[in-house]
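Letter by letter, the chains look like this.
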Amino acid sequence: VYLCLDVGHCAYAGIDPVKMYRQYASRTPFLHFKDIDGAVLERLQKQKLGFWDGVSGGVFCPLGHGVVDFPGLLRAMKAEGFSGWVTVEQDADNKIADVDARLQKPFECCKLNM
């Protein structure tokens, strides 16, 4: 059975995505790259708010601006000979009217940080 590891959702759940990838590298031909704003996540946890509160509150931040250790993950992927697919995702609140802020800026951030 293969896995599609979503590193942002791992971090959201308190799971180290690099450790998870290393543990299941042979079963992981697909990855979803997302990043988590640690301060927003901490606030969500303290206030016992839900997932959609997190999405609208900005818990998913542009890659390289959050708690996911992307340099460590990329090193682990290289060490394991990863040759699969990676999807860069940016979960965002669709109520954000500024499409550039919601979509284009995270994309540009990915290019700079990956």
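Everything numeric here is computed off the predicted structure, so don't read it as measured data.

Asker: Describe the pattern of salt bridges, naming the residues involved and giving the relevant values.
Answerer: If you walk through the whole model with that rule in mind, you get two salt bridges. K34 serves as the salt-bridge partner of D6, at 2.8 Å between the closest nitrogen and oxygen. Of the two residues, D6 sits in strand β1 (residues 4–6) while K34 sits in the loop between β2 (30–33) and β3 (35–36), which places them 28 residues apart along the sequence. The exposure class assigned to K34 is buried, which follows from its relative accessible area of 3%.

Asker: Explain the pairing of β2 to me, and be specific about the residues and the numbers.
Answerer: Because side chains alternate across β2, one face comprises the buried residues L31 and F33, and the other comprises F30 and H32, none of which is buried. When β1 meets β2, the two strands line up parallel, connected through three bridges. Note on β2: the bridge partner recorded for D6 is H32. Pairing between β2 and strand β5 (residues 85–88): four bridges, direction parallel. Residue L31 lies in a different strand from β5, and its bridge partner there is V86.

Asker: Outline a nonpolar patch on the surface, supporting the account with residue identities and numerical values.
Answerer: Where nonpolar side chains cluster on the molecular surface, the patch consists of Y2, F30 and W85 and spans about 440 Å² of accessible area. Assignment of secondary structure puts W85 in strand β5.

Asker: Describe helix α5 (residues 70–79), listing the residues and the values that go with them.
Answerer: Turning to α5, its buried residues are F70, G72, L73, A76 and M77. Taken down its axis, α5 places every buried residue within 155° of arc, on the same side. More than 90 degrees from the buried face of α5, the exposed residues found are R75, K78 and A79. Buried residues along α5 sit in contact with α1 (7–12), α2 (17–24), β2, β3 and β5. Near the N-terminus of α5, the side chain that reaches the backbone nitrogen of G72, with its oxygen 2.9 Å away, is that of D69. Looking at the residues trailing α5, positive phi occurs at G81, about 70°.

Asker: Describe α2, and please don't skip the residues or the numbers.
Answerer: Burial in α2 covers these residues: P17, V18 and Y21. Take α2 and look down its axis: the buried residues cluster within an arc of 100°, on one side only. For α2, exposure combined with an orientation more than 90 degrees from the buried face picks out K19 and Q23. Turning to α2, the residues buried within the fold contact β1, α1, β2 and α5. Sitting at the head of α2, D16 places a side-chain oxygen 2.9 Å from the backbone nitrogen of V18.

Asker: Report on the nonpolar core, specifying residues and quantitative values.
Answerer: Ranked by size, the top nonpolar core spans 22 residues in total, and within it V7, Y21, L31, F33, V59, F70 and L73 carry the most contacts. Those elements giving two or more residues to this core turn out to be α1, α2, β2, α3 (38–47) and α5. It is α5 that provides the largest number of residues to this core, a total of four residues. Once you skip the residues sitting within four places of it in the chain, V7 turns out to touch P17, L31, H32, F33, K34, V68, F70 and L73.

So, how was this worked out
- What you see as residue numbers is a count from 1 along each chain, following the sequence as written.
- Side-chain atom pairs in this predicted model are given and counted only at pLDDT of 80 or more, local residue features only at pLDDT of at least 70, and totals for whole chains, interfaces and linings cover all residues.
- Heavy atoms from the whole structure form the basis of all side-chain values; hydrogens and water molecules are not counted.
- Put simply, a salt bridge is a Lys or Arg side-chain nitrogen that is within 4 Å of an Asp or Glu carboxyl oxygen.
- A helix here means a DSSP run of H or I that spans at least four residues, while a strand means a run of E at least two residues long, and both kinds are numbered starting from the N terminus.
- Type-normalised accessible area, obtained with a 1.4 Å probe on protein chains alone, sets the label of each residue: buried when under 20%, exposed when over 50%, and partly exposed for intermediate values.
- At least two DSSP bridges between two strands are needed for those strands to be called paired.
- Each patch is assembled from residues with relative accessible area greater than 30% and no salt bridge, linking like charges that lie within 9 Å and nonpolar side chains (Val, Leu, Ile, Met, Phe, Trp, Tyr) that lie within 5 Å.
- A 1.4 Å probe and the Shrake-Rupley method give the accessible areas. Residues count as covered only by the protein chains that appear here.
- Our arc is simply the arc of the directions from the helix axis toward the C-beta atoms.
- Throughout, a residue-residue contact means that at least one pair of heavy atoms, one from each residue, lies within 4.5 Å.
- By the criterion applied in these results, polar contacts are pairs of N or O atoms within 3.5 Å in which, for protein atoms, one can donate a hydrogen and the other can accept it, and in which residues neighboring in sequence qualify only through two side-chain atoms.
- As used here, the term nonpolar core means buried Ala, Val, Leu, Ile, Met, Phe, Trp, Tyr and Cys residues forming a set that is joined through side-chain atoms within 4.5 Å.

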